[in-house]
Every structure is written in structure tokens, then in C-alpha cells.
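The lines below spell out each chain.
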Amino acid sequence: KAGVTQTPRYLIKTRGQQVTLSCSPISGHRSVSWYQQTPGQGLQFLFEYFSETQRNKGNFPGRFSGRQFSNSRSEMNVSTLELGDSALYLCASSLRTGQTQYFGPGTRLLVL
Amino acid sequence: ELKVEQNPLFLSMQEGKNYTIYCNYSTTSDRLYWYRQDPGKSLESLFVLLSNGAVKQEGRLMASLDTKARLSTLHITAAVHDLSATYFCAVENFGNEKLTFGTGTRLTIIP
């Protein structure tokens, strides 16, 4: 069974631009969560989607948004990029809430 | 707010030695996970611990959970170079998919 896939794997943007990251969960998994990993803040929860509904949201500004489609694929969007948004963005999927989350390879975003 | 603390942050040990990584969390939780991350890579699930006294072992790694003390340990036995990585514990509350991660322990095994 294929794992969680994320595209693109690497991205370079400039301040003020916006970016969209994509995540395809493991087949059959309906819950998708997003995390940001930085050297300074570590791993932080962004949001979680289940059946196209956002069920949990972390402490991030409104510039960070996401959505989930009917096939469980998810996207996250960051608008008006700041230098501090440079990070590894990880997507994780699980069958349902309370099941082990399996992580994708991540998208490494660099904001210049 | 749930806080998760891991120690040590850095661990350098010789091959063949034993050591333990500690993970403390601040509030009652339902599940505790251990993940491994290699440099530049994603997170690999190692263990899921669900109840007090749970112990799981895989190869040279053994994880345990004491919910009363709010403490989990990851014990490494007879370390080998392949175990060099960063290890994270993460805590999840039932009904909430959000994982709260510890700071990670960067483990380096020296030949």
C-alpha cells in the first residue's frame, strides 16, 4: 500500500507570495493532519481534517488555511509568506481519529 | 495546555551501551507515540502506547508508559550505529487528532 505523498517536495518563494501544498493520504485513510517543523519551534500542529471538515486547529495565524476534498486529499495554503514560514511541512494520515498517524516525506519551504 | 518534555536533548553514546530517553507530559493523555526521524527525512512510527504499564519492544528499542507518573521511556539496548537519529515522543488526547510533540532527542551512536 502506498504511503502518504506530498507535493511538491521542495519550494522556494519570496516574502509576500502565497503557496499551496498538497497531501494524498494512504488509501482508505480519512483523517489528514498538518504539522510545521522548524529548528526553533520544533513540531507544531497546524490543523486536522476529517470528511472534508476541519476539526482541530493549532495556534497559527489566519494566513494558514487548509481544506480536504471528497477523496480525502488535502491542501494547505499559506498567504502573504513571511521569512519565519520557512519550514518542513509534514502531512499525516490515519484511518480515523485515535489511530496511528503516518507521516509523509514533507514539503520543505524556503521563503526568501 | 498540554506540554511534553523530553530529555536529554542530545545523547552521544558508544556502540554496545544501554541508555534511556525520558518523556514527561503535563496532563492526562490517552495515547503516547514514539517516532524516529533521520536527517532530512520524515517521521517513522515506532510505538503506540495506550494504557498504563504498556510495554512494547522492537529489536533494540523498548518503550514503556506510566500514566500515573505521566512518563514514558524509550530504552536502547546494546546500541548500534543504525540507531543514530532523532527520537520524538508525542502525546494525543482521545477524540483529538492533534499530536503534541516533545523537543526530540538527537541520538548519535559512536563506533
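Right above here is the structure, for reference.
Residues numbered from 1 in each chain as written. Chains lettered and ligands numbered in written order. Predicted model: local features only at pLDDT ≥ 70, side-chain atom pairs only at ≥ 80, totals over all residues. Heavy atoms only, no water.

Draft legend 1. Representation of the overall build of chain B within the structure. A count of helical and extended segments in chain B gives 0 helices and 11 strands. If you list the helices and strands of chain B from N to C, you get β-β-β-β-β-β-β-β-β-β-β. For a compact globule of 111 residues, the expected C-alpha radius of gyration is about 13 Å, and chain B comes in at 13 Å, within 12% of that figure. Taking the principal axes of the C-alpha coordinates as reference, chain B spans close to 45 × 30 × 20 Å. Across the 111 residues in chain B, those meeting the buried criterion constitute 45%. A fraction of 54% describes how many contacts in chain B between residues 6 or more apart in sequence connect residues 24 or more apart. Accessible surface, chain B: about 5600 Å² in total, of which carbon and sulfur atoms supply 50%. In chain B, the 11 positive side-chain charges and the 11 negative ones have mean positions that sit 3 Å from each other. (Helix = DSSP H or I, 4+ residues; strand = E, 2+ residues; numbered from the N terminus. Rg over C-alpha atoms; globule rule 2.2 N^0.38 Å. Buried < 20%, exposed > 50% of the residue type's maximum accessible area, 1.4 Å probe, protein only. Contact = heavy atoms within 4.5 Å. Areas by Shrake-Rupley, 256 points an atom, 1.4 Å probe, with all protein chains shown as cover. Lys, Arg positive; Asp, Glu negative; His and termini not counted. Charge placed at Lys NZ, Arg CZ, Asp CG, Glu CD.)

Draft legend 2. Local environment of the pairing of strand E9 (residues 85–92) of chain B. Residue and element names in this part refer to chain B. E9 sits mainly inside the fold: 8 of its 8 residues count as buried. Side chains of E9 alternate between two faces, with Ala-85, Tyr-87, Cys-89 and Val-91 and Thr-86, Phe-88, Ala-90 and Glu-92 buried alike. As judged from the 7 bridges shared by strand E4 (residues 31–37) and E9, these two strands associate in the antiparallel manner. Following the sheet pairing, Leu-32 is matched in E9 by Val-91. (Pairing = 2+ DSSP bridges.)

Function cannot be inferred from these measures alone, as they are strictly geometric.
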